[in-house]
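Listed here are the chains, written in short residue letters.
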Amino acid sequence: MTSPSSPPRVPGSLWWRLLRAWIAAVLLSLLGYVALIWAGVTYPPITLFGTLTQWLGVPAVFQLLHRLLGLGQDAKLLAFSGVAVLWLGGLSLLGSLERPLIAGLALAILCVLGLGSLGWLVPLLYGLAFWGLLAALQRGLAPQGKAAPARPDRVRRTTTLGLAAGGLLAAGGGLTALFRQGGSTTAAAPVPGEPLPFGVTPVEHFYYVSKNLEAFDPRLSADKWRLTVGGLVQRPRTFTLPELAQFTPVISQRTLSCISNPVGGPLISNGIWSGFRLSDLLRQVGIQREARYLLWEAADGYTESLPLGEALDPEVLLVTHLNGEPLDDKHGFPLRVLIPGRYGMKQPRWITKLTLSAEDEPGYWAKRGWSKTARVELMSRIDQPPEISPVVQAGMATFIRGVAFYSQPITKVEVSTDGEKTWQEAELFKLESVYAWTPWQLAWTPEAGSHQLAVRAYAGSVIQKTQPSDALPEGATGYHTFEVKTS
Ligand SMILES: Nc1nc2c(c(=O)[nH]1)N[C@H]1C(S)=C(S)[C@@H](COP(=O)(O)O)O[C@H]1N2
Ligand SMILES: [Mo]
């Protein structure tokens, strides 16, 4: 006997609960996606993908993938599909718990514990939303037995099945769209003689940093240069420059920054690079099972290393051209490495040797106290008015302009003209690549006097660090801020 005030029992067997949880999981994923696109709210499946590729960066997994499929963009998309299955499957299991509130709580806690970089706000939102969805579906779709037969159970069951099938279609459609869209590594090659696309740094202005005096930088001859690939590979070999043309060409717009760039500094530039995927080359030489790290050597004795799992990321490129021209001597002729999301020190120029190894070997700068991973910090910079001649005309409409950059898309830039008391949102100019910086501008008519300018950027739930810190060892943080006067 049930008391009249207790909620109607949910005769829904585990099977019906799973179906409802599946519907809630798909709805939650769709809502989350909309929140990502419209408001830049971090999307947990993407964070999960990042966490897993970091932890599962074990070569065995990637080797299996590459044996099965080769290591094109497809492997990365397949890995993401795996994450989508894990995410939706996990949510369905959680959601099938008897109490929606417990399921929502469990989701929030799992997100906080498992996906540390989400913080607590996003898990809280997701937990609440999941709870709400599950509760609503339970109320709307549960067969109510003897209670109030508003609608016959048959209708509820059919609706549940229909929604679940719709969810299956939506999930399938989403993944297909992702596969269609393919990698982000595509760009139009610049046409020689024509102006570069907006936001791209001309080679003459591309920043330059070297451990060598410029006069002692390598000047390599195209004929004599060789790339030697050895260590734990199945078929060690050397490549001449023309032999590299066998690999599928890739063009990608990417921003490169030096880890020693101070806040507001000039050691950051954006170029259109062409080359090919490192993973294609590694597939050709074959990877031995014990291999764990990739060690680089360059003609100037510079060394760096990368865990093999990360080296197999299809976005890691070996490039021969910058802005449509062969690399010049300064910028690494004939071959240099590009790794998204890392500072320049992680990306050797003039490379001559590539060794797979079971042991890591810290790189040139890592041995000297700089970061081992060299992941980029979220940054923003004011370019106009220039800090070196900070004078503007009183009462004249003008723009404050600059750039922002991170390893994930910039979602918001704010500018202050009153010493960080108030902030205004700047207009963003998205470039064609997610690996490129984001130019921004804000219209401004300065009143007579002096004004303290400042800028800060956001990438989803990642906020630019306020705390000023020196570039050594992990890269500079803090806001770019300076005073301008009116003339
Ligand atoms: N072989 C070699 N590669 C190198 C370096 C170097 O000194 N030697 N410097 C690194 C550093 S610290 C940076 S910031 C970038 C700079 O590249 P760019 O001068 O083409 O902008 O190259 C990296 N690759
Ligand atoms: Mo650097």
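Values in this document were obtained by computation on a predicted structure and should not be read as measured data.

Things to note about the side chain of Gln-253
Mapping Gln-253 onto the fold places it in strand S3 (residues 250-257). Accessibility expressed as a relative area gives 2% for Gln-253, which makes it buried.

Concerning the confidence of the model for the protein
Of all residues in the protein, 87% have pLDDT values of 70 or greater, and the mean over the chain is 87. When the criterion is pLDDT under 50, residues 1-11 qualifies, and its contacts beyond four places in sequence or with other chains add up to seven contacts.

A closer look at the environment of His-331
Relative to the assigned elements, His-331 resides in the loop between strand S8 (325-326) and strand S9 (336-338). On the basis of relative accessible area, His-331 is assigned to the buried category, the value being 3%. In the structure, His-331 is positioned 123 residues away from Tyr-208 in sequence and 7.3 Å away in space, judged by C-alpha atoms. In this structure His-331 touches Val-203, Phe-206, Tyr-207, Tyr-208, Arg-336 and Arg-349, once residues within four positions along its chain are discounted.

Side note on the packing of helix H1 (residues 14-39) against helix H6 (residues 121-141)
The N-to-C vectors of H1 and H6 enclose an angle of 135 degrees; their axes lie 9 Å apart at closest approach. With respect to H6, the axis of H1 lies oblique. Pair H1 / H6 crosses with right-handed handedness. For the pair formed by H1 and H6, the contact residues are Arg-20, Ala-21, Ile-23, Ala-24, Ala-25, Leu-27, Leu-28, Leu-31 and Gly-32 on the first element and Tyr-126, Ala-129, Phe-130, Leu-133, Leu-134, Leu-137, Gln-138 and Leu-141 on the second. For the contact of H1 with H6, the class distribution of residues is 14 nonpolar, two polar and one charged.

Points about the site of ligand 1
Within the structure, ligand 1 sits among 20 residues, and Tyr-207, Asp-300, His-331, Arg-336 and Arg-349 are positioned closest to it. Side-chain polar atom of His-331 to an oxygen atom of ligand 1: 2.7 Å apart, as the coordinates give it. One of the side-chain N or O atoms of Arg-336 is found 2.7 Å from an oxygen atom in ligand 1. With the chains in place, 99% of the 530 Å² that ligand 1 exposes on its own is no longer accessible. For the shell around ligand 1, a count of residues per class yields 12 nonpolar, four polar and four charged.

Brief notes about the packing of aromatic side chains
Tallied over the entire structure, the rule returns 10 aromatic pairs. The ring of Tyr-208 has Lys-330 sitting right over it, with the charged end atom 5.0 Å from the ring centre. Above the plane of the ring of Trp-423 lies Arg-456, whose end atom (NZ or CZ) is 3.9 Å from the centre.

Quick notes on helix H5 (residues 100-114)
In this model, H5 (15 residues) spans 21 Å end to end at C-alpha, consistent with the 21 Å of a helix rising 1.5 Å per residue. Burial in H5 covers these residues: Pro-100, Ala-103, Gly-104, Leu-107, Ala-108 and Cys-111. Across the axial projection of H5, the buried residues extend over an arc of 135 degrees, all falling on one side. Across from the buried face of H5, at angles greater than 90 degrees, the exposed residues are Leu-110 and Leu-113.

Some thoughts on unusual backbone geometry
In most cases, non-glycine residues show a negative phi, while peptide bonds are predominantly trans. At the junction of Gln-384 and Pro-385, the peptide bond is cis and its omega measures out at 0 degrees in the coordinates. Assignment of secondary structure puts Pro-385 in the loop between strand S11 (379-384) and strand S12 (391-392). For Trp-350, which is not glycine, the phi torsion reads 50 degrees and is therefore positive. Inspection of the secondary structure puts Trp-350 in the loop between S9 and strand S10 (351-357).

A look at the environment of Pro-468
Relative to the helices and strands, Pro-468 is located in the loop between strand S19 (462-463) and strand S20 (480-486). The exposure class assigned to Pro-468 is exposed, which follows from its relative accessible area of 63%. Among all residues touching Pro-468, those that are not within four sequence positions of it are Thr-477 and Gly-478.

Some remarks on the sheet that holds strand S13 (residues 398-405)
Sheet architecture is open: four strands sit in the order S11-S13-S17-S16, paired in antiparallel fashion. Edge positions in the open sheet fall to S11 and strand S16 (427-428), since each of these has one partner strand only. Sheet analysis places S11 next to S13, joined by five bridges and oriented antiparallel. Along S13, the bridge assignment pairs Gln-384 with Arg-401.

Cut-offs applied
- Residues numbered from 1 in each chain as written.
- Chains lettered and ligands numbered in written order.
- Predicted model: local features only at pLDDT ≥ 70, side-chain atom pairs only at ≥ 80, totals over all residues.
- Heavy atoms only, no water.
- Helix = DSSP H or I, 4+ residues; strand = E, 2+ residues; numbered from the N terminus.
- Buried < 20%, exposed > 50% of the residue type's maximum accessible area, 1.4 Å probe, protein only.
- pLDDT = per-residue confidence, 0-100.
- Contact = heavy atoms within 4.5 Å.
- Axes fitted to C-alpha atoms, helices over the stretch in contact; angles between N-to-C directions.
- Parallel < 35°, antiparallel > 145°, perpendicular 65-115°, else oblique.
- Left-handed = near helix turned anticlockwise from the far one by under 90°.
- Nonpolar A, V, L, I, M, F, W, Y, C, P; charged D, E, K, R; others polar.
- Near = heavy atom within 4 Å.
- Polar contact = N/O pair within 3.5 Å; in protein donor to acceptor, adjacent residues only side chain to side chain.
- Areas by Shrake-Rupley, 256 points an atom, 1.4 Å probe, with all protein chains shown as cover.
- Phe/Tyr/Trp six-rings, centres within 6.5 Å; stacked < 30°, edge-to-face > 60°.
- Lys NZ or Arg CZ within 6 Å of the ring centre and 35° of its normal.
- Expected span 1.5 Å × (residues − 1).
- Arc of directions from axis to C-beta.
- Pairing = 2+ DSSP bridges.

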